[in-house]
Amino acid sequence: MSTVVKTIGIIGAGEVGSQIARAALKVGYDVVLANSRGPETLTALIDELGPGARAATAAAAAAAGDIVVVAAPLTLDNNLPVDELAGKIVLDTNNYMAWRDGHYPMVDSGEKTEHELRQEHLPHSKVAKAFTHIQAPRLFLSASPAGTPRRHALSVSSDFPEAVEVVTRLYDEFGFDTVDNSPLSESWRSGPGQPAWNAHAHQTREELAANLAAAKHGIPRP
Ligand SMILES: NC(=O)c1ccc[n+]([C@@H]2O[C@H](COP(=O)([O-])OP(=O)(O)OC[C@H]3O[C@@H](n4cnc5c(N)ncnc54)[C@H](OP(=O)(O)O)[C@@H]3O)[C@@H](O)[C@H]2O)c1
């Protein structure tokens, strides 16, 4: 049975988290946003977002969401509310950037993707890599209705088909086509520095599929 989504929890209320919140509210979802400093620090953003948005702790946002977006960098100490995310589809927007996150040898060597690490951190959740190769403002600038010629496409990767289905539906509602680049072990193909990531300004479904196929191990990350 398809996951019914009314409320989206969003852990991370920075550039991407706040923009996903705006896009979600626009198409009728409620959102519950969290950052690392506490809900009281999100008053201005919640006021701007208006009805349908509220702030909470990360654990409460995770508990409230029918699905949950994690729009915060991965940290190896696993700072996410694992129990509250159990049983849920979790959309991971993270791009591993060594200059910001430090070096993760397992990812650097190609042994695992950062999204497989996120899945290991959340063993009872269904993680999907989503929204990673689009700049936050383009969630509005590049959106267009289904059937628009040269509609912009985004990739999704997950080990769970039901998570791919949820992300595909959300992308379409937000104004984007989807290319399924599953499982998570293949998600490096859309990572920083790869052709699909470099073409983030615009790529159709066909162009994105070709860019994912053209990915090569060992390309330096920015
Ligand atoms: N910016 C983009 O256009 C873009 C596009 C695609 C993907 N990404 C990726 O998406 C991720 C987020 O990027 P961003 O640009 O949105 O970063 P950002 O503007 O720095 O925002 C990060 C947010 O995550 C919150 N956060 C960090 N750790 C947390 C925790 N343990 N619990 C709850 N909230 C936590 C921060 O809270 P505080 O402010 O309280 O610290 C902040 O609200 C990164 O991995 C980035 O590479 C970014």
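The structure we're discussing is the one just above.
Here the structure is a predicted model, which means the values were calculated and not measured. (Residues numbered from 1 in each chain as written. Predicted model: local features only at pLDDT ≥ 70, side-chain atom pairs only at ≥ 80, totals over all residues. Heavy atoms only, no water.)

A. Main features of the overall build of the chain. Secondary structure summary: the chain contains 11 helices and eight strands in total. Its C-alpha atoms put the chain at 45 × 40 × 35 Å along the principal axes. For the chain, with 222 residues in total, the buried portion stands at 52%. Intrachain contacts of the chain at a sequence separation of at least 6 include 65% that bridge at least 24 residues. Taking the 19 positively charged and 26 negatively charged side chains of the chain as two groups, their mean positions are separated by 4 Å. (Helix = DSSP H or I, 4+ residues; strand = E, 2+ residues; numbered from the N terminus. Buried < 20%, exposed > 50% of the residue type's maximum accessible area, 1.4 Å probe, protein only. Contact = heavy atoms within 4.5 Å. Lys, Arg positive; Asp, Glu negative; His and termini not counted. Charge placed at Lys NZ, Arg CZ, Asp CG, Glu CD.)

B. Geometry of the site of the ligand. Around the ligand sit 22 residues, and of these A13, V16, S36, R37 and A136 come closest. Separating an oxygen atom of the ligand from a backbone N or O atom of E15 is a distance of 3.0 Å. Taking R37, its side chain carries an N or O atom lying 2.6 Å from an oxygen atom of the ligand. In the complex, 77% of the free accessible area of the ligand, which totals 900 Å², lies under the protein chains. Judged by the proximity of its atoms to the pocket grid, the ligand belongs to the largest pocket. (Near = heavy atom within 4 Å. Polar contact = N/O pair within 3.5 Å; in protein donor to acceptor, adjacent residues only side chain to side chain. Areas by Shrake-Rupley, 256 points an atom, 1.4 Å probe, with all protein chains shown as cover. 1 Å grid on protein atoms, 1.4 Å probe; cavity = no way out; pocket = protein on both sides within 12 Å on 5 of 7 lines; lining within 4 Å. Sits in = over half its atoms within 2 Å of the grid points.)

C. Highlighting the pattern of salt bridges. Tallying each qualifying case throughout the model produces 13 salt bridges. Notably, a salt bridge pairs R118 with D92, separated by 3.0 Å at the nearest N-O pair. Here the residue R118 occupies a position in helix 7 (residues 114–121), and D92 occupies one in strand 5 (residues 89–92), the gap between them amounting to 26 residues. R100 serves as the salt-bridge partner of D101, at 2.7 Å between the closest nitrogen and oxygen. Judged by its relative accessible area of 40%, R100 is partly exposed. (Salt bridge = Lys/Arg side-chain N within 4 Å of Asp/Glu carboxyl O.)

D. Local environment of the nonpolar core. Within the largest apolar cluster, 37 residues are counted, with the highest numbers of intra-cluster contacts made by I8, L33, L91 and F131. Of all elements in the fold, only strand 1 (7–11), helix 1 (15–26), strand 2 (30–34), helix 2 (43–49), strand 4 (67–70), strand 5, strand 7 (153–158) and helix 9 (161–174) reach the threshold of two or more residues within this core. Sorting elements by how many residues they give to this core places helix 9 first, with seven residues. (Core = buried A, V, L, I, M, F, W, Y, C linked by side-chain atoms within 4.5 Å.)

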